[in-house]
Amino acid sequence: MKIVYNTNGELVLTEAIKSYCEKNFSKLEKFFDNISTINVTLTATKSKNGPLQRVDARVHMNSSIIKGVYTDEDLYTAIDKVTDILAKQVKKYKEKLRDNNHATPRKKVHFEPKENAIVIEATKTVETITVNPRPMDLEEAILQLEALNKDFYVFTNCETHEMNIVYKKRNGNYGHIEPAEI
């Protein structure tokens, strides 16, 4: 495990701070072996109540990054708190990996032509629906989408005479899908 330090100009990185960080962050290895790098940014800022010490740490493991940030008047307390935050997140990450590795194998997908459905699990089915999209412009398709209170609406674009889809995004805006020209 490699620890990379960054500081701002107001904070001097001493050997005592480095050894304290290394002692605390090395505790994370007992939770997860594949920690490659920890980027630690130590920042000192002035506030009305006195100086504030901020510790921002990013743990790089496998292809994931876990981040912990804490601000306190005492730098050593902030390092302790960030270590606690990161330890919880590393444990959670390891449990998630373990749960994913021990998950039950997926059931096979098979086609049942009698019902015109694809059965994925005993309780879930994918039904095939045939649509005959009406010719309309994009604004009318959005109005139809809202009127029918659906997540998406299939229509024939009256300008291009091709099938298009308009859908509602999570942020409340609309998306428009049209075929690419080859």
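As the structure is a computational prediction, the values presented were derived from the model and not from experiment.

The next point concerns the confidence of the model for the protein. Looking at the protein, the pLDDT average stands at 81 and 85% of residues meet or exceed 70. Low pLDDT, under 50, characterises residues 110-114; the stretch is placed with 7 contacts to residues that sit more than four places away or in other chains.

Looking now at helix H1 (residues 15-25). Along H1, the positions that sit buried rather than exposed are Ile 17, Cys 21, Asn 24 and Phe 25. Along H1, the residues classed as buried sweep out an arc of 90° about the axis, all on the same side. Every exposed residue of H1 that faces more than 90 degrees away from the buried side is listed here: Glu 15 and Lys 23.

Turning our attention to the pattern of salt bridges. Scanning the model with the defined rule gives 2 salt bridges in all. The partner of Glu 140 in a salt bridge is Arg 134, with the nearest N and O atoms 3.4 Å apart. Its relative accessible area of 31% is what places Glu 140 among the partly exposed residues. On the basis of relative accessible area, Arg 134 is assigned to the partly exposed category, the value being 43%.

With mixed pairing, the 4 strands of this open sheet are ordered in space as E1-E2-E3-E4. In the strand order of this sheet, the two ends are held by strand E1 (2-7) and strand E4 (64-72), each with one partner. For this sheet the average axis-to-axis angle between neighbouring strands, irrespective of direction, equals 15°. Note that strand E3 (residues 50-61) and E4 share 9 bridges and pair antiparallel. Its bridge partner lying in E4, Met 61 is registered against Ser 64. Relative to the sheet, H1 contacts E1, strand E2 (35-47) and E3, its axis offset from that of E1 by approximately 135°.

In this structure the tally under the stated criterion is 2 aromatic pairs. Ring centres 4.8 Å apart and planes at 90° place the aromatic pair Tyr 20 and Tyr 76 in the edge-to-face group. Taken together, the positions of Tyr 20 in helix H1 and Tyr 76 in helix H2 (residues 75-101) put the pair 56 residues apart, joining distant regions of the chain. Tyr 76 sits in the partly exposed class, given a relative accessible area of 32%.

A few words on the pairing of E2. Summarising the sheet, E1 and E2 pair through 6 bridges and their orientation is parallel. Across the sheet, residue Ile 3 finds its bridge partner in E2, namely Ile 38. As paired elements, E2 and E3 share 12 bridges and run antiparallel to each other. Counted as the bridge partner of Leu 42 is Val 55 from E3. In sequence, E2 turns back onto E3 through a hairpin of 2 residues.

Among the structural elements, Thr 83 can be located in helix H2. Using a relative accessible area of 7% as the deciding quantity, one classes Thr 83 as buried. For Thr 83, the contacting residues outside a window of four places in its chain are Asn 24, Phe 25 and Leu 28.

The rules behind these values
- Residues numbered from 1 in each chain as written.
- Predicted model: local features only at pLDDT ≥ 70, side-chain atom pairs only at ≥ 80, totals over all residues.
- Heavy atoms only, no water.
- pLDDT = per-residue confidence, 0-100.
- Contact = heavy atoms within 4.5 Å.
- Buried < 20%, exposed > 50% of the residue type's maximum accessible area, 1.4 Å probe, protein only.
- Helix = DSSP H or I, 4+ residues; strand = E, 2+ residues; numbered from the N terminus.
- Arc of directions from axis to C-beta.
- Salt bridge = Lys/Arg side-chain N within 4 Å of Asp/Glu carboxyl O.
- Pairing = 2+ DSSP bridges.
- Axes fitted to C-alpha atoms, helices over the stretch in contact; angles between N-to-C directions.
- Phe/Tyr/Trp six-rings, centres within 6.5 Å; stacked < 30°, edge-to-face > 60°.

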